[in-house]
Amino acid sequence: MSTTGAHVPDDGDRGQPRSGWWWWARRRGFFLDLALAAVSAVECGFEGVTFAHKTGVAPAVCVLLGFLAGAALILRRRWPIAVVLLSIAVSPAQVGFVLSMVALYTLAASEVPRRITVSLAAMNGVASTLVAFVRFQDSLRNDNGRSMSLPVIAITSVLLALGVTAPPVLLGLYVRARRRLVESLRERADGLERELELLAEKAAERAERARAEERTRIARDMHDVVAHRVSLMVVHAAALKAVALKDPAKASASAELLGDMGREALTELRQMLGVLRTAEVERVAPASSVRPAAVLPDEPDGPCLDQLGELVEQSQAAGMTVEFTVEGEERPCGPRVEQTVYRVVQEALTNVHKHAAGAKAHVRLAYREVEIAVLVLNGPSDGTPATLLPSGGHGLLGMKERVTTHGGGFAAGPTPDGGFRVSALLPLAARPT
């Protein structure tokens with residue numbers, strides 16, 4: 001955009017200037033400018049004949065110049081300032097009424113600075129006032145029977161100049177302001193659309209992350225339920241095979257215990273499947289449901305700290321020497337925290353069965369003021385042949401994920417004497433005063 005002109009956008013054009021000769025945004029804009037230029041050229045040509053009679057100039061020259069001046073209106077969108085200056089330049093010849101009106105409107109509707117628009121409109125108004133003043137004087141001079149004072153002529157000339165200058169300028173300013181408003185609303189709508197797209201992408205990412213967390217939790221819970229029970233069942237099956245012929249009574253007790261463990265494993269698996277079905281129903285429920293779709297609820301009737309003694313007894317029945325101690329004042333710690341502590345102890349004892357057959361283990365549970373701590377410590381294996389049990393290597397990772405979910409701390413690693421240590425510390429909610 002140069003200092004001598006500014007692009008005037010069509011309807012649907014967003015105000016971006018176009019380079020080259022063809023600057024119309026739409027074909028209808030070209031035909032409109034062509035029609036206006038033709039009308040202006042014809043008007044200026046006829047008025048050029050009148051000007052030639054008054055001045056004695058050759059009519060052909062005046063008609064040609066008037067035709068060219070009027071046809072310049074086709075350039076109004078590309079160079080509105082130049083077209084307005086041309087209309088001011090030909091105003092002393094009393095030609096270019098259509099040229100002046102359309103040029104002022106185009107200038108006011110263009111993107112040129114407003115001070116330039118006001119300056120050129122004022123220049124056009126002054127030129128129109130002078131032309132009107134001269135025409136009134138000439139008409140009164142030719143009409144000897146009429147007379148009019150100079151102040152009246154001046155006021156009439158000013159009003160006439162305002163009548164032909166102010167309306168196109170005001171209309172152009174209105175169109176310009178309306179176009180800017182529409183563009184701002186369009187930009188705001190585009191911004192809102194982009195923001196909605198970003199929100200949709202973030203929502204999709206959150207949903208995918210929630211599904212991944214759900215899959216991780218399902219895998220962790222299935223591991224805890226299946227690994228411990230099945231490991232104990234394998235240990236008891238091996239013991240049953242060893243004593244079946246030597247001690248039928250002990251073999252019968254082991255078989256009964258093996259059946260109880262299988263039933264407990266099936267019960268926990270049914271509970272887990274019930275949770276999954278509930279989560280699936282909530283995922284397809286309407287968005288107005290209270291519970292988020294991708295988050296699994298707490299296990300119904302899940303394990304608690306009161307069942308730790310039974311868990312230890314099961315390992316003892318499988319032939320492991322386990323010592324269980326409790327420190328501090330026993331109190332409810334919340335279902336989720338109690339389930340996490342139970343699962344940590346369960347997985348730690350399962351690992352002892354897998355990797356340290358015949359080792360002694362110690363389970364210590366400590367109630368503190370604002371936290372609960374659990375420690376599972378086992379010594380080295382006493383040389384008892386280990387039962388071949390598959391291991392996926394996810395036990396320690398699952399325990400750590402459970403504990404850190406509550407903002408707690410988890411540590412696991414070998415001890416100097418060849419054993420293994422698992423410890424977890426979980427914060428508790430503030431106790432009511």
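Residues numbered from 1 in each chain as written. Predicted model: local features only at pLDDT ≥ 70, side-chain atom pairs only at ≥ 80, totals over all residues. Heavy atoms only, no water.

Caption draft 1: Representation of the sheet that holds strand E1 (residues 321–327). The strand order E1-E2-E3-E5-E4 describes an open sheet built from five strands, whose pairing is mixed. Every interior strand has two partners, whereas the edge strands, E1 and strand E4 (409–414), have only one. For this sheet the average axis-to-axis angle between neighbouring strands, irrespective of direction, equals 10°. As paired strands, strand E2 (residues 360–367) and strand E3 (residues 371–378) are joined by seven bridges and run antiparallel to one another. Paired with Ala361 across the strands is Asn378, a residue of E3. Lying over the sheet, helix H9 (residues 335–355) contacts E1, E2, E3 and strand E5 (420–427), oriented at roughly 5° with respect to E3. (Pairing = 2+ DSSP bridges. Helix = DSSP H or I, 4+ residues; strand = E, 2+ residues; numbered from the N terminus. Axes fitted to C-alpha atoms, helices over the stretch in contact; angles between N-to-C directions. Contact = heavy atoms within 4.5 Å.)

Caption draft 2: Examining the confidence of the model for the chain more closely. In this model, the chain carries an average pLDDT of 76, and 76% of its residues clear a pLDDT of 70 or more. Taken together, the stretch residues 14–20 has pLDDT below 50 and engages in 13 contacts with residues farther than four places along the chain or on a different chain. Between residues 285–300, whose pLDDT stays under 50, and residues either more than four places distant or in other chains, the model counts 29 contacts. (pLDDT = per-residue confidence, 0-100.)

Caption draft 3: Inspection of the packing of helix H1 (residues 27–55) against helix H4 (residues 97–109) at higher detail. One way to put it is that H1 packs onto H4 with a least axis distance of 8 Å and a crossing angle of 145°. Residue-level inspection shows Leu36, Ser40, Glu43 and Glu47 of H1 in contact with H4, the latter providing Phe97, Val98, Leu99 and Val102. For the contact of H1 with H4, the class distribution of residues is five nonpolar, one polar and two charged. (Nonpolar A, V, L, I, M, F, W, Y, C, P; charged D, E, K, R; others polar.)

Caption draft 4: A look at the nonpolar core. Leu305, Val341, Val345, Leu349, Leu365 and Ile372 are the most contacted members of the largest nonpolar core, which totals 31 residues. Secondary-structure elements contributing two or more residues to this core are helix H8 (308–317), H9, E2, E3, helix H10 (395–405) and E5. The element best represented in this core is H9, accounting for eight residues. Within the second largest apolar cluster, 20 residues are counted, among which are Val102, Ala108, Ala127 and Val169. (Core = buried A, V, L, I, M, F, W, Y, C linked by side-chain atoms within 4.5 Å. Buried < 20%, exposed > 50% of the residue type's maximum accessible area, 1.4 Å probe, protein only.)

Caption draft 5: Up close: the pattern of salt bridges. Going through the model one piece at a time under the given rule, you end up with three salt bridges. For Glu327, the salt bridge identified is with Arg364, shortest N-O distance 3.8 Å. Of this pair, Glu327 sits in strand E1 while Arg364 sits in strand E2, and the two are 37 residues apart along the sequence. Put simply, Arg368 and Glu371 hold a salt bridge, and the shortest N to O gap is 3.3 Å. For Arg368, a relative accessible area of 40% puts it in the partly exposed group. (Salt bridge = Lys/Arg side-chain N within 4 Å of Asp/Glu carboxyl O.)

Caption draft 6: Region of the structure containing a nonpolar patch on the surface. On the surface, Val57, Val61, Leu64, Leu65, Phe67 and Leu68 cluster together to form a nonpolar patch covering roughly 550 Å² of accessible area. Topologically, Leu65 is positioned in helix H2 (residues 59–71). (Patch = residues over 30% accessible without salt bridge, like charges linked within 9 Å, V, L, I, M, F, W, Y side chains within 5 Å. Areas by Shrake-Rupley, 256 points an atom, 1.4 Å probe, with all protein chains shown as cover.)

Caption draft 7: Representation of the environment of Gly418. Position of Gly418 relative to the elements: it lies in the loop between E4 and E5. Gly418 sits 40 residues away from Asn378 along the chain, and the two C-alpha atoms are 9.0 Å apart.

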